[in-house]
Amino acid sequence: MAKNTLSSEFRNIDVDQYNEDNYKDDDGEPQSPPIGVDEATIVSSINAGNHADALKLLLTNAPVASKGKNEQAKDMSLNLVLKVLLSVNKSQMDQIISSLDKTQLDVLMKYIYRGFERPSEGSSAILLIWHEKVYNVGGVGCIVRVLTDRKRV
């Protein structure tokens, strides 16, 4: 049985600080300059047929930040990733995806979902194929990590 006490010390804890609505991002990080890849480098890799190298370069240097930060760099990077994804043949997709590590697969899945937000003519069908192939390699965990992460691309 519980011991009956007249102590009210347990009431000194501010439970409102744990409310999800009061969450604040860490502002301790200084705003870094936009990190990204030069568009000319990516276009030259695509023209040379090095889609895997171009995609790896974009995924490793992705500007990942909270929503509302570095939006210009994120948009530029999204356009480059979509340019690479849309230029890859279906036969090359499996080979490219198998060469990516888990972190790069997660970032790629973030770009796929972001591409769904801004559909262009013909892009949704290709992004669905990419989504299926990344899901086959990364599994459900890849999708869960992307959907629960506060950092966006």
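What counts and what doesn't
Residues numbered from 1 in each chain as written. Predicted model: local features only at pLDDT ≥ 70, side-chain atom pairs only at ≥ 80, totals over all residues. Heavy atoms only, no water. Salt bridge = Lys/Arg side-chain N within 4 Å of Asp/Glu carboxyl O. Helix = DSSP H or I, 4+ residues; strand = E, 2+ residues; numbered from the N terminus. Buried < 20%, exposed > 50% of the residue type's maximum accessible area, 1.4 Å probe, protein only. Contact = heavy atoms within 4.5 Å. Axes fitted to C-alpha atoms, helices over the stretch in contact; angles between N-to-C directions. Parallel < 35°, antiparallel > 145°, perpendicular 65-115°, else oblique. Nonpolar A, V, L, I, M, F, W, Y, C, P; charged D, E, K, R; others polar. Core = buried A, V, L, I, M, F, W, Y, C linked by side-chain atoms within 4.5 Å.

J.: Describe the pattern of salt bridges, with residues and values.
T.: Tallied over the full model, the rule gives 7 salt bridges. In this structure, the salt-bridge partner of Arg-114 is Asp-75, at a minimum N-O distance of 2.5 Å. With Arg-114 in helix 5 (residues 102–117) and Asp-75 in helix 3 (residues 71–87), this residue pair connects regions lying 39 residues apart in the sequence. Look at Asp-75 and you get partly exposed, because its relative accessible area is 24%.

J.: Quick rundown of the side chain of His-131? Include the residues and the values.
T.: For His-131, the position within the fold is in helix 6 (residues 123–148). Its relative accessible area of 17% is what places His-131 among the buried residues. Filtering out sequence-adjacent residues up to four positions away, His-131 remains in contact with Met-109, Ile-112, Tyr-113, Phe-116 and Ile-143.

J.: Any chance you could break down the packing of helix 2 (residues 51–60) against helix 5 for me, citing the residues and the numbers?
T.: Between helix 2 and helix 5, the shortest axis-to-axis distance is 9 Å and the interhelical angle comes to 90°. Taken together, helix 2 and helix 5 sit at an angle that is classed as roughly perpendicular. Where helix 2 abuts helix 5, its residues Leu-55, Lys-56, Leu-59 and Thr-60 lie against Gln-104, Val-107, Leu-108 and Tyr-111. Of the residues belonging to the contact of helix 2 with helix 5, the class tally is 5 nonpolar, 2 polar and 1 charged.

J.: Pulling in residues and values, what's your account of the nonpolar core?
T.: Core analysis: the biggest nonpolar cluster contains 33 residues, and Leu-55, Leu-108 and Trp-130 have the highest contact counts within it. Elements represented by at least two residues in this core include exactly helix 1 (39–48), helix 2, helix 3, helix 4 (90–98), helix 5 and helix 6. Element by element, the count of residues in this core is highest for helix 6, at 7 residues. Apart from residues no more than four positions distant in its own chain, Leu-55 is found in contact with Val-81, Val-84, Leu-85, Ile-96, Leu-108 and Trp-130.

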